[in-house]
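So you can see what is in the structure, the chains are spelled out below.
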Amino acid sequence: MGLPICDVCLKSGILCQGCEEKLRKGEVSKLEYEISKILYRIGKGKIGFKKAIDMGDVVVIITKKDEVGKLIGKGGKIVKRIARAIGKKVRVVGENKDLRSVAEDVLAPATISGINIVYTVDGKKKFKIRVAKEDSSRIPGDLNNLNEIIQKLTGKKTTIVVDEA
Ligand SMILES: [Zn+2]
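Residues numbered from 1 in each chain as written. Predicted model: local features only at pLDDT ≥ 70, side-chain atom pairs only at ≥ 80, totals over all residues.

**Focus: the pairing of strand E3 (residues 89–94)**
Taking burial as the measure, the 6 residues of E3 include 5 buried ones, the bulk of the element. Here strand E2 (residues 58–63) runs beside E3; their pairing, made up of 6 bridges, is parallel. Paired with Val-58 across the bridge in E3 is Lys-89. (Buried ≥ 20, exposed ≤ 12 C-beta atoms within 10 Å, placed from the backbone. Helix = DSSP H or I, 4+ residues; strand = E, 2+ residues; numbered from the N terminus. Pairing = 2+ DSSP bridges.)

What follows is the structure, given as structure tokens:
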């Protein structure tokens, strides 16, 4: 997977017409440009991503499912460098609409103990994503934030809960 900005631009630091157009139209955000520059530098053109979503304190970077590990880096090395450079927390999620798979990426290194479907009073479907109590300290951030990320990526109503004992 490549980067949203072309190699020529990233190498020269001067935007070509095509990339400038993408930025102007908002097809590529300033944040995505920043992340592209960082990844080009440390990944030597071998690490790409599809898009980045700014969620306030957290930036979600979406890449191909099988390239999540590469973008995170050994022991989170690459993600940490991006986080330091942009001054926000970073989560890497594989491009996928499947709730379980998205939730697993968003909540890693905590693991999901189960997902239940619950119905709200007005009969709407909602998904309860459960994390085992002993794993709760590994949840990477505020539950509300993480929940918002999962909802945004899957379009499903969710709520994350920590299992009681
Ligand atoms: Zn370009």
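**Observations regarding the nonpolar core**
Residues Phe-49, Val-60, Ile-61, Val-93, Val-106, Ile-149 and Ile-150 are the most contacted members of the largest nonpolar core, which totals 33 residues. Only helix H3 (30–43), E2, helix H4 (68–72), helix H5 (77–86), E3, helix H6 (99–107), strand E5 (125–131) and helix H7 (143–154) provide two or more residues apiece to this core. Here this core takes 5 residues from E2, the largest share from any one element. Sequence-distant contacts of Val-106, defined by excluding residues within four places in its chain, comprise Arg-91, Val-93, Leu-146, Ile-149 and Ile-150. (Core = buried A, V, L, I, M, F, W, Y, C linked by C-beta atoms within 7 Å. Contact = placed C-beta atoms within 7 Å.)

**Quick look at the sheet that holds strand E4 (residues 112–119)**
Overall, mixed pairing links the 3 strands, which are arranged E4-E5-E6 in an open sheet. In the strand order of this sheet, the two ends are held by E4 and strand E6 (158–162), each with one partner. Adjacent strand axes in the sheet meet at a mean angle of 25° when their direction is disregarded. As paired elements, E4 and E5 share 7 bridges and run antiparallel to each other. (Axes fitted to C-alpha atoms, helices over the stretch in contact; angles between N-to-C directions.)

**Quick notes on the confidence of the model for the protein chain**
When pLDDT is averaged along the protein chain, the result is 93; 99% of the residues meet or exceed 70. Highest mean pLDDT in the protein chain belongs to helix H2 (residues 17–25) (97); lowest belongs to H7 (92). (pLDDT = per-residue confidence, 0-100.)

**Description of the packing of H3 against H5**
With their axes 10 Å apart at the nearest point, H3 and H5 run at an angle of 135° to one another. The angle between H3 and H5 places the two elements in the oblique class. Along this stretch, H3 crosses H5, giving a crossing that reads as right-handed. Contacts from Glu-34, Ile-35, Ile-38 and Ile-42 of H3 reach H5 at Ile-78, Arg-81, Ile-82, Ala-85 and Ile-86. (Parallel < 35°, antiparallel > 145°, perpendicular 65-115°, else oblique. Left-handed = near helix turned anticlockwise from the far one by under 90°.)

**With respect to the pairing of E2**
The buried count for E2 comes to 6 of 6 residues, which makes it a mostly enclosed element. Pairing of strand E1 (residues 51–54) with E2 involves 4 bridges; the strand directions are antiparallel. Residue pairing across strands places Asp-54 opposite Val-59, the latter belonging to E2. The antiparallel pairing of E1 with E2 creates a hairpin that spans 3 residues between the two strands, and Gly-56 there sits at a positive phi of about 95°.

**Considering the sheet that holds E3**
Strand order in this open sheet of 3 strands is E1-E2-E3, and the pairing throughout is mixed. The sheet is open, and its two borders are formed by E1 and E3, each paired with just one other strand. Between one strand axis and the next, the sheet turns by 25° as a mean value, whatever way the strands run. Along the sheet, H3 contacts E1 and E2; its crossing angle with E1, the most-contacted strand, is approximately 125°.

**So, the environment of Ser-113**
Along the chain, Ser-113 turns up in strand E4. Distance from Ser-113 to Val-162, taken between C-alpha atoms, is 9.3 Å for residues 49 residues apart in sequence. Contact partners of Ser-113, with chain neighbours within four places excluded, come to Arg-130, Val-131, Ala-132 and Asp-163.

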